[in-house]
Amino acid sequence: MNEFNEYVRECFSAVGDITIRPMMGGYLVYLRGKLIGDICGNELFLKRTPASDRLLADSELRYPYEGSKTLMRVFDRFEDADLISKLLEGMYEQLPERKPKKTK
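Read on for an overview of the structure. Predicted model only: the values in this text are computed from it and were never measured.

Okay, helix α1 (residues 3–12) next. Taken residue by residue, α1 has Phe 4, Asn 5, Val 8, Cys 11 and Phe 12 as its buried positions. Along the axis of α1, the buried residues cluster in a sector spanning 130°; they form a single face. Exposed side chains of α1 directed beyond 90 degrees from the buried face belong to Glu 3 and Glu 10. Looking at the buried positions of α1, the neighbouring elements they touch are β1 (18–23), β2 (26–31), β3 (34–40), β4 (43–46), β6 (72–75) and α3 (81–94). If you check the start of α1, you find a side-chain oxygen 3.0 Å away from the backbone N of Phe 4, and it comes from Asn 2.

The structure is reproduced here in C-alpha cells:
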C-alpha cells in the first residue's frame with residue numbers, strides 16, 4: 001500500500017469503513033463493503049452515480065486504465081470534508097449491494 005492509498009483512506013474514513021484492495025495493477029476502493037472507485041497511479045476515480053454526477057459536475061470524466069469500459073469521475077478535493085461526507089453518503093445509498101461470492 002502506498003502513501004496515496006493511505007491518504008485516501010484517511011480522508012474518507014470519517015464517513016465509514018474504507019477498504020482498499022489491490023486489483024490488476026491498481027486498487028479497488030470500498031465503503032462499508034460497496035465498491036465506490038479505483039485508484040490507478042496516484043489518482044482516485046469514483047463511480048458515476050446521481051450523487052457523484054451532481055456533486056462533482058465540474059470534475060474530469062476519464063477512463064481509469066487502458067481498456068476500461070467505464071468512465072469515472074476524477075476526484076481531487078480531499079481537503080473538502082463536507083463534500084466528501086455528502087458525496088460518499090449519497091453514493092453509498094445509490095450503489096448496489098456487494099454480490100455474494102459464489103461457492104464452488
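Here we take up the nonpolar core. Counting 23 residues, the largest nonpolar core has Phe 12, Ile 36, Leu 44, Leu 46, Phe 75, Phe 78 and Leu 88 as its most contacted members. Looking at this core, the elements with two or more residues in it are α1, β1, β2, β3, β4 and α3. With six residues, the top contributor of residues to this core is α3. The residues touching Phe 12, leaving out its near neighbours within four places in the chain, are Ile 18, Ile 36, Leu 44, Leu 46, Phe 75, Phe 78, Ile 84 and Leu 88.

As for its placement among the helices and strands, Thr 49 is situated in the loop between β4 and α2 (50–55). Residue classification places Thr 49 among the buried positions, given a relative accessible area of 4%. In terms of polar contacts, Thr 49 uses its side chain to reach the side chain of Gln 94, at 3.1 Å. If we ignore the near neighbours within four places in the chain, the residues touching Thr 49 are Met 91, Gln 94 and Leu 95.

This brings us to unusual backbone geometry. One non-glycine residue, Met 24, lies in the positive phi region at around 45°. Within the element layout of this structure, Met 24 appears in the loop between β1 and β2. Relative accessible area serves as the criterion here: at 76%, Met 24 is assigned to the exposed category. At Arg 32, a residue that is not glycine, the phi angle is positive and equals roughly 45°. The residue Arg 32 is located in the loop between β2 and β3 in this model. A relative accessible area of 33% means that Arg 32 is categorised as partly exposed.

Conventions adopted
- Residues numbered from 1 in each chain as written.
- Predicted model: local features only at pLDDT ≥ 70, side-chain atom pairs only at ≥ 80, totals over all residues.
- Heavy atoms only, no water.
- Buried < 20%, exposed > 50% of the residue type's maximum accessible area, 1.4 Å probe, protein only.
- Helix = DSSP H or I, 4+ residues; strand = E, 2+ residues; numbered from the N terminus.
- Arc of directions from axis to C-beta.
- Contact = heavy atoms within 4.5 Å.
- Polar contact = N/O pair within 3.5 Å; in protein donor to acceptor, adjacent residues only side chain to side chain.
- Core = buried A, V, L, I, M, F, W, Y, C linked by side-chain atoms within 4.5 Å.

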